[in-house]
Amino acid sequence: STDFPTLMRLGGLSTDRALAGEWWRLPAATFLHYGPFHLAMNVLALGLLGPAAESQLGRWRFLAIYLLSGIGAMAACTLEAFSTGSRLFVVGASGSVMGIVGAGAAIMLRGWLRDRARAARNRGAVMLGYVIGQMAIDSMVPLFSFTSHLTGAAIGFILALLLGDRLGRPDAPDG
């Protein structure tokens, strides 16, 4: 929807409402999008990046990183609004998707450090370039959330380092 009252009623992140105790908006807002183009861009990015990340992480690690990156990104937007005294309205899965980008970068870093795999180094550089490119776009388009994107990527990176992956362990259980 592009209707603000509808998005608000469904759980869009209104930072002042979240700070007033409506914390359920943090996860809810990650499943809402401002119109079909916004949704299509997140679905496209997830479709391109998700399958490889899920195969490397396993479905449960992937799901944890996706959800925690999105919720963490919304929390960061809320804290930013609180610290600056501003009010924000945020919807979208971009923080979650950027969490998958960050996780991919962590997996590639681990592959490079463990095996000195040139492909891992090159793909990790592409992931880093993606994050830098997203930050550049965010700085030019006021409706994009720099905080959400950067925080999502950072959370995904850290979680993937902490949770590990299945690379080098093809018989590892899914999770």
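Residues numbered from 1 in each chain as written. Predicted model: local features only at pLDDT ≥ 70, side-chain atom pairs only at ≥ 80, totals over all residues. Heavy atoms only, no water.

Engineer: Teacher, can you tell me more about the overall build of the protein here?
Structural biologist: Of regular secondary structure, the protein possesses eight helices and two strands. Seen in sequence order, the protein has helices and strands lined up from the N terminus as α-β-α-α-α-α-β-α-α-α. Its C-alpha atoms give the protein a radius of gyration of 17 Å, near enough to 16 Å, the size a compact globule of 175 residues would have. Judged by the C-alpha coordinates and their principal axes, the protein covers about 50 × 35 × 30 Å. For the protein, the proportion of contacts with a sequence separation of at least 24, taken over those separated by at least 6, is 74%. With the model as given, the accessible surface of the protein reaches about 9,300 Å², and the carbon-plus-sulfur share is 70%. Considering the protein, the positive charge centre built from 14 side chains and the negative charge centre built from 10 side chains are found 6 Å apart. (Helix = DSSP H or I, 4+ residues; strand = E, 2+ residues; numbered from the N terminus. Rg over C-alpha atoms; globule rule 2.2 N^0.38 Å. Contact = heavy atoms within 4.5 Å. Areas by Shrake-Rupley, 256 points an atom, 1.4 Å probe, with all protein chains shown as cover. Lys, Arg positive; Asp, Glu negative; His and termini not counted. Charge placed at Lys NZ, Arg CZ, Asp CG, Glu CD.)

Engineer: Hey, could you run me through the environment of R110 in this one?
Structural biologist: Take R110: it is sitting in helix α6 (residues 94–115). Through-space distance from the C-alpha of R110 to that of L68 is 21 Å; in sequence the pair is 42 residues apart. Once residues lying within four places of it in the same chain are set aside, the contact partners of R110 are A160, L161, G164 and D165.

Engineer: Looking at this model, I keep getting lost on the packing of aromatic side chains. Mind explaining?
Structural biologist: Applying the stated rule across the entire model yields two aromatic pairs. With 4.6 Å between their ring centres and 65° between their planes, F4 and F89 make a pair best called edge-to-face. Taken together, the residues F4 in helix α1 (residues 4–10) and F89 in strand β2 (residues 89–90) connect sequence positions 85 residues apart. Owing to a relative accessible area of 42%, F4 belongs among the partly exposed residues under this scheme. When the centroid spacing of 6.4 Å and the interplanar angle of 15° are considered together, the rings of F62 and Y66 count as stacked. Of this pair, F62 and Y66 both sit in helix α5 (residues 59–84), four residues apart, which is roughly one turn of the helix. According to the relative accessible area criterion, F62 is buried, its value standing at 13%. (Phe/Tyr/Trp six-rings, centres within 6.5 Å; stacked < 30°, edge-to-face > 60°. Buried < 20%, exposed > 50% of the residue type's maximum accessible area, 1.4 Å probe, protein only.)

Engineer: For this particular structure, what's the right way to read the packing of helix α4 (residues 35–57) against α5?
Structural biologist: Two numbers describe how α4 lies on α5: the axes approach to 7 Å, and their chain directions differ by 130°. What the angle tells us is that α4 and α5 run oblique. The way α4 lies across α5 gives a crossing that is right-handed. Every residue of α5 that contacts α4 at L46, G50, A53, E54 and L57 is listed here: R59, R61, F62, I65 and Y66. Tallied by class, residues from the contact of α4 with α5 come to six nonpolar, one polar and three charged. (Axes fitted to C-alpha atoms, helices over the stretch in contact; angles between N-to-C directions. Parallel < 35°, antiparallel > 145°, perpendicular 65-115°, else oblique. Left-handed = near helix turned anticlockwise from the far one by under 90°. Nonpolar A, V, L, I, M, F, W, Y, C, P; charged D, E, K, R; others polar.)

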